[in-house]
Amino acid sequence: MCKKGLVCFLGLILGLLTSASVTAQEEGLEYGFKSALPEMHVFITNQFYNYGKAEFGRYANEGDSKLAGHSVFIPMSGYIDISSQLNPDIKAEAEFELYRAESVKICKLRGVWSPKEWFNLSMGRDFVPIGTQDKSYYPPSRFRMFTVAPYLYRNVMRSSGWWDTGVFISGKKQLTKQVTLLYNISATNGPGDSHQSFNLEDKMGIGTITTNYMYEHFHSDARQYLDNNGDKPICVRLALSPKEGLEFGGSHFKAKYDKEEKYGCDYTFYHLLYGSDKWDVACEYGRIGIDTKNNGKIHQSSAYIATSYKILQEKYVHFLAPVIRYEIIDPWEEDTTDKADRKSISIGVNISPVEHFLIRAAYQRTKEKGPELKNNGVSVETVFDF
């Protein structure tokens, strides 16, 4: 990976596009046409963290030396989206993430067919429509009010997104003059361990209630890019929008994650999103159940509510928005001692001096059941999009 970060990454992508175009012209390849020029959109973020040593850990009482226990500037990250509208009904899209200037990840690589508003079909790599990760926390979203993801995505799901490869169907249907039905359905590879050197079901059998909180971050090991079994799980998300800017609904997903298809996991999420000229509100609850070898089926759950209110719009600045988020998590519901349960409140401000430039700053305070952990701290982020 080039050490100059995003500049080299942009140069690499542009170079590949130019090279591919020249090669196609020289060799007379029979695909591609001039009117299908791609659009490119870029999202750049730079961050600073200063959290206690027990934050961002694999377990509640174990930290991540890269991010926790000291103040640290995070190397720049970026998202580059390249899309081309081949005709009014068909588009192709590729999206890449420059992850902390260390590696390049493929987020989306798909073709989309949209003959009707109520029917969109895509094949390739995209978000699994569980929860509202694509709407509430994916970087360009208006509902991403804080730099650090809520526990629901950081611990129960995955803060950097859960993408998978498969078939995706979505659309919206006007039920009445004001009420709209929104739906998403996907059939994907599902969770597993195809990229790991161990069997995931064995890893999920390690540990006890008294030693650690082993069931946090299940998807850090279970998010695979291929597949390790024949299970192709279906995920469904349904929502209603009774007025512009307001949406509420739920999603469900059930899958097998091991090679022998003996062990499974299931998700149930509920959400409410509201966005207006001034107010943004995101509220979610999610619960996952995981089959384990030694402890039967375990469950973890989390909920949060976050809100922001824009003031000083187009007065001195593009906008200024105080933000607040309250959240709870139970990473092991079967643990009767509840020692891993946590509650957190984050307070901050988002300021956009000019359009397409944003600064986020927040302080997080966490309260635990049992001994107090060193996991409070601050985060600061700058965002440029173009």
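These lines cover the structure that appears in this document, whether it is placed above or below.

## Brief notes about the overall build of the protein chain
Line of reasoning, step 1. Helices and strands together make up the secondary structure of the protein chain, namely 5 helices and 16 strands.
Line of reasoning, step 2. Across the 386 residues in the protein chain, those meeting the buried criterion constitute 49%.
Line of reasoning, step 3. Sequence separation of 24 or more characterises 59% of the internal contacts of the protein chain that already satisfy a separation of 6 or more.
Line of reasoning, step 4. Of the roughly 18,900 Å² of accessible surface on the protein chain, a fraction of 60% belongs to carbon and sulfur atoms.

## Section: the pattern of salt bridges
Line of reasoning, step 1. The full count for this structure, using the stated rule, is 17 salt bridges.
Line of reasoning, step 2. Linking E327 and R325 is a salt bridge whose minimum nitrogen-to-oxygen distance equals 3.3 Å.
Line of reasoning, step 3. Residue class for E327 comes out buried when judged on its relative accessible area of 0%.
Line of reasoning, step 4. Each of E93, R110 and D126 takes part in salt bridges that share partners, so that together they form one network.

## What about the pairing of strand β4 (residues 103–116)?
Line of reasoning, step 1. Here strand β3 (residues 90–99) pairs with β4 via 10 bridges, running antiparallel. Note on β4: the bridge partner recorded for L98 is V104.
Line of reasoning, step 2. Hairpin geometry of β3 and β4 is characterised by an intervening segment of 3 residues between the two adjacent antiparallel strands and by a positive phi of about 50° at R100.
Line of reasoning, step 3. As consecutive antiparallel partners, β4 and strand β5 (residues 119–127) are separated by 2 residues.

## Thoughts on empty space enclosed by the protein
Line of reasoning, step 1. According to the stated counting rule, one finds 2 cavities of 30 Å³ or more in the structure shown.
Line of reasoning, step 2. The calculated volume of the largest cavity comes to roughly 60 Å³.
Line of reasoning, step 3. Lining the largest cavity, in full, are S136, Y137, F143, R144, M145, F146, P150, A282, Y304, A306 and R325.
Line of reasoning, step 4. When residues of the lining of the largest cavity are traced back to their parent elements, those giving at least two are α2 (133–137) and β12 (297–309).
Line of reasoning, step 5. Of the residues contributing to the lining of the largest cavity, the split by class is 8 nonpolar, 1 polar and 2 charged.
Line of reasoning, step 6. Within this model, the second largest cavity holds a volume of roughly 40 Å³.
Line of reasoning, step 7. Y51, F146, V148, R325, S346, A362, Y363, Q364 and S379 are the residues that line the second largest cavity.

Reading the values: the criteria
One numbering rule holds for all chains: residues counted from 1, following each sequence as written. Given that this is a predicted model, residues contribute local features only at a pLDDT of at least 70 and side-chain atom pairs are listed and counted only at 80 or more, while totals for whole chains, interfaces and linings are drawn from all residues. Working from all heavy atoms in the structure, the side-chain values ignore hydrogens and water. The secondary structure listing takes helices from DSSP runs of H or I that are at least 4 residues long and strands from runs of E that are at least 2 residues long, numbered from the N terminus. Relative accessibility thresholds used throughout: buried, under 20% of the residue-type maximum; exposed, over 50%; partly exposed, between the two (1.4 Å probe, protein chains only). The contact definition used throughout considers only heavy atoms, calling two residues in contact when any of these lie within 4.5 Å. The accessible surface values rely on the Shrake-Rupley method and a 1.4 Å probe; as for residues, cover is taken only from the protein chains in view. Whenever a carboxyl oxygen of Asp or Glu lies within 4 Å of a side-chain nitrogen of Lys or Arg, that contact is scored as a salt bridge. When DSSP finds two or more bridges between two strands, those strands count as paired. Points on a 1 Å grid, built from protein atoms alone, make a cavity when a 1.4 Å probe fits but cannot get out and make a pocket when they are open with protein on both sides within 12 Å along at least 5 of 7 lines; residues with an atom within 4 Å of a point are the lining residues. Grid points are joined across faces, edges and corners, and a volume is the space filled by probe spheres set on the points. All amino acids are sorted into three groups, where Ala, Val, Leu, Ile, Met, Phe, Trp, Tyr, Cys and Pro are nonpolar, Asp, Glu, Lys and Arg are charged, and the leftover types, Gly among them, are polar.

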